[in-house]
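Chain by chain, the residues run as shown.
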Amino acid sequence: MEFSAKLIGANEVPPRTTDAVGKVLFRLSADGTTLSYKLIVDDIDNVIASHIHIGLEGVNGPVVLFLAGPLAPGGGPSSGILSQGTATAANLVGPLAGQSLSVLLESMRNGGAYVNVHTNDGIDPQNTGAGDFPGGEIRGQIRTHGRNDVDPGEPTP
């Protein structure tokens, strides 16, 4: 099974004005115990982290899986593959810590999980514009692959 998400600033809660975009591609192993991922970004500055969160569209929710970071604030521009790897139930955190990967997968299947990328320029105050949204700069709901505007010709992890 494959999943994907298109990440844009308008999907954040509250919406963010940014030129940054991204996409994330997921592939579940045949035995259902490993989730491979590839997170690709373009035109984003000062990335400090990326996560899967549990939450419906338009609702912020808790972090359940780290995809990137934590990274130091003020890291400058990023484009291309931000992170890739594999996750298992042992990598789940927050309200899913100690649970089966199938719990996360169910949320991913029903639109109840999203990915976002957090940024911070390292200079107070926060939330001053693109490259400085610690709560998240770009976001997208995870869907079964093919239900987003992600190019189906993109290589999967």
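Before any of the text, the structure's been laid out above.
Read on for a plain summary of the structure. If you're wondering where the values come from, they're calculated on a predicted model, not measured in any experiment.

What counts as what
Residues numbered from 1 in each chain as written. Predicted model: local features only at pLDDT ≥ 70, side-chain atom pairs only at ≥ 80, totals over all residues. Heavy atoms only, no water. Helix = DSSP H or I, 4+ residues; strand = E, 2+ residues; numbered from the N terminus. Rg over C-alpha atoms; globule rule 2.2 N^0.38 Å. Buried < 20%, exposed > 50% of the residue type's maximum accessible area, 1.4 Å probe, protein only. Contact = heavy atoms within 4.5 Å. Areas by Shrake-Rupley, 256 points an atom, 1.4 Å probe, with all protein chains shown as cover. Lys, Arg positive; Asp, Glu negative; His and termini not counted. Charge placed at Lys NZ, Arg CZ, Asp CG, Glu CD. Salt bridge = Lys/Arg side-chain N within 4 Å of Asp/Glu carboxyl O. Phe/Tyr/Trp six-rings, centres within 6.5 Å; stacked < 30°, edge-to-face > 60°. Lys NZ or Arg CZ within 6 Å of the ring centre and 35° of its normal. Pairing = 2+ DSSP bridges. Polar contact = N/O pair within 3.5 Å; in protein donor to acceptor, adjacent residues only side chain to side chain. Patch = residues over 30% accessible without salt bridge, like charges linked within 9 Å, V, L, I, M, F, W, Y side chains within 5 Å.

## Observations concerning the overall build of the protein
If you tally the helices and strands in the protein, you get one helix and nine strands. Counting from the amino terminus, helix and strand elements in the protein follow one another as β-β-β-β-β-β-α-β-β-β. The C-alpha radius of gyration of the protein comes to 15 Å, within 12% of the 15 Å expected for a compact globule of 157 residues. When the backbone C-alpha atoms are referred to their principal axes, the protein occupies close to 45 × 35 × 25 Å. For the protein, with 157 residues in total, the buried portion stands at 45%. Taking all contacts inside the protein whose residues are at least 6 apart in sequence as the whole, residues at least 24 apart take part in 68%. Of the roughly 7000 Å² of accessible surface on the protein, a fraction of 52% belongs to carbon and sulfur atoms. Taken together, the 9 basic and 16 acidic charged side chains of the protein have centroids lying 9 Å from each other.

## Observations regarding the pattern of salt bridges
Pairs can form between side chains of opposite charge once their charged atoms are near each other. For the coordinates displayed, the defined rule picks out three salt bridges. One salt bridge connects Arg143 with Glu57, and the closest N-O pair in it is separated by 3.2 Å. Taken together, the positions of Arg143 in strand S9 (residues 143–144) and Glu57 in the loop between strand S4 (47–54) and strand S5 (63–68) put the pair 86 residues apart, joining distant regions of the chain. Taking relative accessible area as the criterion, Arg143 reaches 19% and is therefore assigned buried. Here Arg109 and Glu106 are joined by a salt bridge, their closest N and O atoms 4.0 Å apart. Of this pair, Arg109 and Glu106 both sit in helix H1 (residues 101–109), three residues apart, which is roughly one turn of the helix. Arg109 sits in the partly exposed class, given a relative accessible area of 35%. Overall, Glu106 belongs to the partly exposed group, its relative accessible area being 43%.

## What about the packing of aromatic side chains?
Tallied over the full model, the rule gives zero aromatic pairs. Lying across the ring of Tyr114, Arg139 places its NZ or CZ 3.4 Å from the centre.

## A few points about the pairing of S4
Burial analysis of S4 places seven of its eight residues in the buried class, which makes it a mostly covered element. The pairing of S4 with strand S7 (residues 113–119) spans seven bridges and is classified as antiparallel. When the sheet's bridge partners are listed, Ala49 is paired in S7 with His118. Across four bridges, S4 lies against S5 in antiparallel orientation. Bridging across to S5, His51 finds its partner in Phe66.

## Points about the side chain of His53
Mapped onto the elements of the fold, His53 is located in strand S4. The class for His53 is buried, based on a relative accessible area of 6%. A polar contact is formed between the side chain of His53 and the backbone oxygen of Gly61, at a distance of 2.9 Å. Setting aside its immediate chain neighbours within four residues, His53 contacts Gly61, Pro62, Val63, Val64, Gly112, Ala113, Tyr114, Asn116 and His118.

## Focus: the environment of Pro77
As for its placement among the helices and strands, Pro77 is situated in strand S6 (residues 77–87). Here the alpha-carbon distance between Pro77 and Phe133, two residues 56 residues apart in the chain, equals 14 Å.

## Quick look at a negative patch on the surface
On the surface, a cluster of negative charge is made up of Asp19, Asp42, Asp43 and Asp45. The topology assignment puts Asp19 in the loop between strand S1 (2–8) and strand S2 (21–28).

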